[in-house]
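# Fold and contact review
So you can see what is in the structure, the chains are spelled out below.
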Amino acid sequence: MLIRHPDAILPSEITPPEIYRERRRFMQGMGALAAGTALGTLDDAHAGIKLAGVRTSPYTLDEARTPFKDITTYNNFYEFGTGKSDPAENAGSLRTRPWTVAIEGEVRKPKTWDIDALLRLAPLEERVYRMRCVEGWSMVIPWVGFPLAELLRRVEPTGKARYVEFVSLNDPKQMPGQRSRVLDWPYVEGLRLDEAMHPLTLMTMGLYGEVLPNQNGAPIRLVVPWKYGFKSAKSIVKIRLVEKQPVSSWTRANPDEYGFYSNVNPQVDHPRWSQAKERRIGEFFKRDTLMFNGYANQVAQLYRGMDLKKYY
Ligand SMILES: Nc1nc2c(c(=O)[nH]1)N[C@H]1C(S)=C(S)[C@@H](COP(=O)(O)O)O[C@H]1N2
Ligand SMILES: [Mo]
């Protein structure tokens, strides 16, 4: 891996590992998960299941976290409606067990993973990340997951694999928003293989130390903190390694507004609004949006030599 140190994050911002060394207490944890308890009916994750054995990570930011309540009631998840409160209100109908994730395409070891086996594939880490939506708001979210690279290494991408496509669940019975044609379902997103392999790219199953609430993309979603939020596909059922650049749902819907790369870039305006500033949820004054959402030192070299106005 090219990145060894999260240089953009000031050392003083990194939470000392000692504070986190004391592992979170095993409550109902992995035992309940392995037993396939009906997690899909949880509508208040604070009364929910703590994830066991979550480690700290040097990629964690020590920045004021957005309250749990905001992270779980102000969402974009068009499968459950286009309003910000729709996912929290409607995502109770999503059944997250049983659930499988198929990894296929240009790989030597394609496999359909049961979600509970996938949860145990690699040590879980807490990663506090800045998240920036293309609409101009941002949050600081303590996710729990492991690097996507852990999973991709195990399936052994072939020499032809250059991109990774992520496909969300397509089931209008569980996802009432899919009865509307606001997007071409299923929701599809993609990354270049090196972006997907980057250590910041997180397969995410938890939030604030607990099982991910449905409205945040349970049981498993992607989190790519240097890109606009829509690149971070929720409720993933398929991961395909492919030769050609995938067409994402947002690019298909509006190619002039949502390019494949969608890196957070204050110098590239959305055609209908400026991207120079953002409102951190809970704050009154706007902040300047940072290049690559503040992760430039870790990710800028992925795009060396590229015209980021052309490849937006
Ligand atoms: N399947 C799916 N994934 C999705 C979306 C969606 O509508 N459907 N919305 C995206 C957008 S626009 C954002 S900003 C983030 C929001 O994630 P959050 O609600 O957990 O903050 O999810 C992204 N992932
Ligand atoms: Mo977004």
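In this text, all values refer to a predicted model and were calculated from it rather than measured experimentally.

### Observations regarding the overall build of the protein
When you go through the protein residue by residue, the secondary structure sums to nine helices and twelve strands. Per-residue burial over the protein gives 56% buried out of 312 residues. Put simply, 72% of the contacts in the protein that link residues at least 6 apart link residues at least 24 apart. Summed over all atoms, the accessible surface of the protein reaches about 14000 Å², with 52% contributed by carbon and sulfur.

### Side note on the site of ligand 1
What surrounds ligand 1 is a group of 16 residues, the closest being Asn75, Tyr78, Glu79, Arg221 and Lys234. A distance of 2.8 Å separates an oxygen atom of ligand 1 from a polar atom in the backbone of Tyr78. For ligand 1, a nitrogen atom lies 2.9 Å from a polar atom in the backbone of Ser232. Here ligand 1 loses 96% of its free accessible area of 540 Å² to cover by the protein chains.

### Thoughts on the nonpolar core
In terms of nonpolar packing, the biggest core is built from 85 residues, with Tyr129, Trp143, Leu148, Phe166, Ile220, Trp226 and Ile239 touching the most fellow members. Of all the elements, strand S4 (residues 137-147) adds the most residues to this core, at seven residues. If sequence neighbours within four positions are ignored, Trp226 has contacts with Glu195, His198, Leu200, Thr201, Asn263, Val264, Phe292, Asn293, Tyr295, Val299, Leu302 and Tyr303.

### Regarding the sheet that holds strand S6 (residues 188-192)
Strand order in the open sheet formed by five strands is S2-S1-S10-S5-S6, and the pairing between neighbours is mixed. Because the sheet does not close on itself, it has two edges, and the strands there are strand S2 (111-114) and S6. Averaged over all pairs of adjacent strands, the angle between their axes in this sheet comes to 15°, without regard to strand direction. Where strand S5 (residues 163-168) lies against strand S10 (residues 236-242), six bridges are found, and the strand directions are antiparallel. Residue pairing for S10: Phe166 is matched across the bridge by Ile239. Relative to S10, helix H6 (residues 148-155) is tilted by about 60°, and along the sheet it contacts strand S1 (100-105), S2, S5 and S10.

### A few points about the side chain of Glu278
Looking at where Glu278 falls in the secondary structure, it is placed in strand S11 (residues 277-280). Residues in contact with Glu278, not counting those within four places in the same chain, are Arg132, Gly136, Ser138, Lys286, Arg287, Asp288, Thr289 and Leu290.

### Some words on the layout of surface pockets
Of the volumes computed, that of the largest pocket is approximately 530 Å³. Lining the largest pocket are 29 residues, and of these Asn76, Cys133, Trp137, Gly229 and Phe230 sit closest to its centre. At the level of secondary structure, the elements contributing two or more residues to the lining of the largest pocket comprise strand S3 (125-132) and S4. Looking at which element gives the most residues to the lining of the largest pocket, the answer is S4, with four residues. Residue classes in the lining of the largest pocket are distributed as 18 nonpolar, six polar and five charged. Taken together, 18 residues make up the lining of the second largest pocket; nearest its centre are Tyr228, Glu257, Ser262, Val268 and Tyr312. Of the residues assigned to the lining of the second largest pocket, the class counts are nine nonpolar, six polar and three charged.

### Some details on the pairing of strand S7 (residues 202-207)
For S7, the buried fraction is high: six of the six residues fall into the buried class. Here five bridges tie S4 to S7, and the two strands are oriented antiparallel to one another. The residue of S7 that forms the bridge with Val144 is Gly206. Relative to strand S9 (residues 221-223), S7 runs antiparallel, the two sharing three bridges.

### Digging into the packing of aromatic side chains
The description of an aromatic ring pair uses the distance of the two centres, along with the angle that the planes make with each other. Enumeration over the complete set of coordinates arrives at 14 aromatic pairs. Between Tyr261 and Tyr303, the ring centres sit 6.1 Å apart and the planes meet at 90°, which makes this aromatic pair edge-to-face. Taken together, the residues span a long stretch of sequence, with Tyr261 in the loop between helix H8 (249-253) and S11 and Tyr303 in the segment after helix H9 (296-299) at a distance of 42 residues. Take Tyr261: its relative accessible area is 6%, and that puts it in the buried class.

### Some details on the environment of Val247
Checked against the element boundaries, Val247 lands in the loop between S10 and H8. Put simply, Val247 and Val188 are 59 residues apart on the chain and 7.6 Å apart in space, counted from C-alpha to C-alpha. Setting aside anything within four residues of it in sequence, one finds Val247 in contact with Val188 and Arg252.

Rules behind the numbers
Residues numbered from 1 in each chain as written. Chains lettered and ligands numbered in written order. Predicted model: local features only at pLDDT ≥ 70, side-chain atom pairs only at ≥ 80, totals over all residues. Heavy atoms only, no water. Helix = DSSP H or I, 4+ residues; strand = E, 2+ residues; numbered from the N terminus. Buried < 20%, exposed > 50% of the residue type's maximum accessible area, 1.4 Å probe, protein only. Contact = heavy atoms within 4.5 Å. Areas by Shrake-Rupley, 256 points an atom, 1.4 Å probe, with all protein chains shown as cover. Near = heavy atom within 4 Å. Polar contact = N/O pair within 3.5 Å; in protein donor to acceptor, adjacent residues only side chain to side chain. Core = buried A, V, L, I, M, F, W, Y, C linked by side-chain atoms within 4.5 Å. Pairing = 2+ DSSP bridges. Axes fitted to C-alpha atoms, helices over the stretch in contact; angles between N-to-C directions. 1 Å grid on protein atoms, 1.4 Å probe; cavity = no way out; pocket = protein on both sides within 12 Å on 5 of 7 lines; lining within 4 Å. Points joined across faces, edges and corners; volume = space filled by probe spheres on them. Nonpolar A, V, L, I, M, F, W, Y, C, P; charged D, E, K, R; others polar. Phe/Tyr/Trp six-rings, centres within 6.5 Å; stacked < 30°, edge-to-face > 60°.

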